[in-house]
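Structure assessment
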Amino acid sequence: METGDKVLISTSRKPSQKTRTFCKNLSHAFGFDYTNRGKSSLRDMLVKASQMNHDTLLLVYQIKGNPSKLTFYDLKAQEKLALLISANEMNGRLNIDPENLKIKSNVRELDILAEVLGFELSNKPLESNYLRISYADYDDEKNFAIIYFVNSNGEQLDLQINVKKVVDS
């Protein structure tokens, strides 16, 4: 499996600019394709993913114009993983190398992201170019975990995904 041709990213119908920008940032960070959904059904999107040689479809849903849920589907429309989220916007360039991206997770419930996204889950300390998944602060009542993006220069980016809940499928 090659990184970069595993997941097709798209949105729910009629996405806001904020949601489209979030999807494009994920696309650039992960090296995955992004496509506008338009009026396509879930089935249409799965066919498109298959035609583009992807094995997973990621749909980003929104509430009040903000990304609110990430749902990963296999090509048989089976839900692999769903996360209720909120997201911080990215300012500036990502400077992430998707070919060498790794995941460092302290949250066992989210280790599955490495498999779903097709990236190596590292148990070694990493200095640059990785996703850091940590439990949210104890006093953070809204979020269960936070996904931080660390670029090729070792800088933590503004872009972050706040995971509120892992949805049971």
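Remember, it's a predicted structure, so these values are computed and weren't measured experimentally.

Helix and strand counts for the protein chain come out as 3 helices and 10 strands. For the protein chain, the sequential pattern of α-helices and β-strands runs β-α-β-α-β-β-β-β-α-β-β-β-β. Across its three principal axes, the protein chain shows a C-alpha extent of roughly 40 × 35 × 30 Å. Within the protein chain, the proportion of its 169 residues that are buried is 47%. Considering only contacts within the protein chain whose residues lie at least 6 apart along the sequence, 59% involve residues at least 24 apart. Only carbon and sulfur atoms are counted for the fraction: they give 43% of the accessible area of the protein chain, which is about 9200 Å². A gap of 8 Å separates the mean positions of the 23 positive and 22 negative side-chain charges of the protein chain.

This part covers the sheet that holds strand E3 (residues 56–63). Spatially, 10 strands are ordered E2-E1-E3-E4-E5-E10-E9-E8-E6-E7 in an open sheet, and the strand pairing comes out mixed. Sheet topology places strand E2 (33–34) and strand E7 (120–121) at the edges, where each strand pairs with a single neighbour. One ladder, built from 7 bridges, connects strand E5 (residues 79–88) with strand E10 (residues 156–167); its direction is antiparallel. Within E10, the position partnered with Asn88 by the bridge is Gln160. Sheet strands in contact with helix H1 (residues 17–30) are strand E1 (7–11), E2, E3, strand E4 (66–74), E5, strand E8 (130–135), strand E9 (145–150) and E10, and its direction is about 170° off that of E1.

What follows is about helix H2 (residues 42–51). Taken together, the buried positions of H2 are Met45, Leu46 and Ala49. Viewed end-on, H2 has its buried residues packed into an arc of 100°, placing them on one side of the element. H2 presents Arg43 and Gln51 as exposed residues on the side facing more than 90 degrees away from its buried surface. Tucked into the core, H2 has its buried residues touching E1, E3 and E4.

The next subject is the environment of Tyr138. With respect to the helices, strands and loops of the structure, Tyr138 is situated in the loop between E8 and E9. Residue Tyr138 is classed as exposed on the basis of its relative accessible area, which comes to 86%. As a C-alpha pair, Tyr138 and Gln17 span 121 residues in sequence and 32 Å in three-dimensional space.

As a further point, take the packing of aromatic side chains. The full count for this structure, using the stated rule, is 5 aromatic pairs. Ring centres of Phe30 and Phe149 lie 6.0 Å apart, and the angle between their planes is 35°; on these two criteria the pair is classed as tilted. Residue Phe30 is found in helix H1, and its partner Phe149 is found in strand E9; the two are separated by 119 residues along the sequence. When sorted by exposure, Phe30 lands in the same class as Phe149, which is buried. An angle of 85° between the planes, with centres 5.8 Å apart, marks the rings of Tyr135 and Phe144 as edge-to-face. We classify Tyr135 as partly exposed; its relative accessible area is 44%. By way of ring pairs, the aromatic residues Phe30, Phe32, Phe119 and Phe149 are connected into one cluster. The ring of Tyr61 is capped by Lys69, whose NZ or CZ atom sits 6.0 Å from the centre of that ring.

For the rest of this paragraph, the subject is the nonpolar core. Grouped together as the largest cluster of nonpolar side chains are 37 residues, with contacts concentrated most on Ile9, Phe30, Leu70, Leu117, Phe149 and Ile161. Among the elements that take part in this core, H1 stands out by supplying 5 residues, more than any other. Each residue touching Phe149, except ones within four places of it in the same chain, is listed here: Leu26, Ala29, Phe30, Ile96, Tyr130, Leu131, Glu155, Gln156, Leu157, Leu159, Gln160 and Ile161. One finds Leu8, Leu46, Leu57 and Leu59 within the second-largest nonpolar core, a separate group that totals 7 residues.

Before going further, it helps to spend a moment on unusual backbone geometry. Here the phi dihedral of Lys14 falls at roughly 50°; this positive angle occurs in a residue that is not glycine. Assignment of secondary structure puts Lys14 in the loop between E1 and H1. Non-glycine residue Asn53 carries a positive phi angle of around 65°. According to the relative accessible area criterion, Asn53 is exposed, its value standing at 63%.

The rules behind these values
Residues numbered from 1 in each chain as written. Predicted model: local features only at pLDDT ≥ 70, side-chain atom pairs only at ≥ 80, totals over all residues. Heavy atoms only, no water. Helix = DSSP H or I, 4+ residues; strand = E, 2+ residues; numbered from the N terminus. Buried < 20%, exposed > 50% of the residue type's maximum accessible area, 1.4 Å probe, protein only. Contact = heavy atoms within 4.5 Å. Areas by Shrake-Rupley, 256 points an atom, 1.4 Å probe, with all protein chains shown as cover. Lys, Arg positive; Asp, Glu negative; His and termini not counted. Charge placed at Lys NZ, Arg CZ, Asp CG, Glu CD. Pairing = 2+ DSSP bridges. Axes fitted to C-alpha atoms, helices over the stretch in contact; angles between N-to-C directions. Arc of directions from axis to C-beta. Phe/Tyr/Trp six-rings, centres within 6.5 Å; stacked < 30°, edge-to-face > 60°. Lys NZ or Arg CZ within 6 Å of the ring centre and 35° of its normal. Core = buried A, V, L, I, M, F, W, Y, C linked by side-chain atoms within 4.5 Å.

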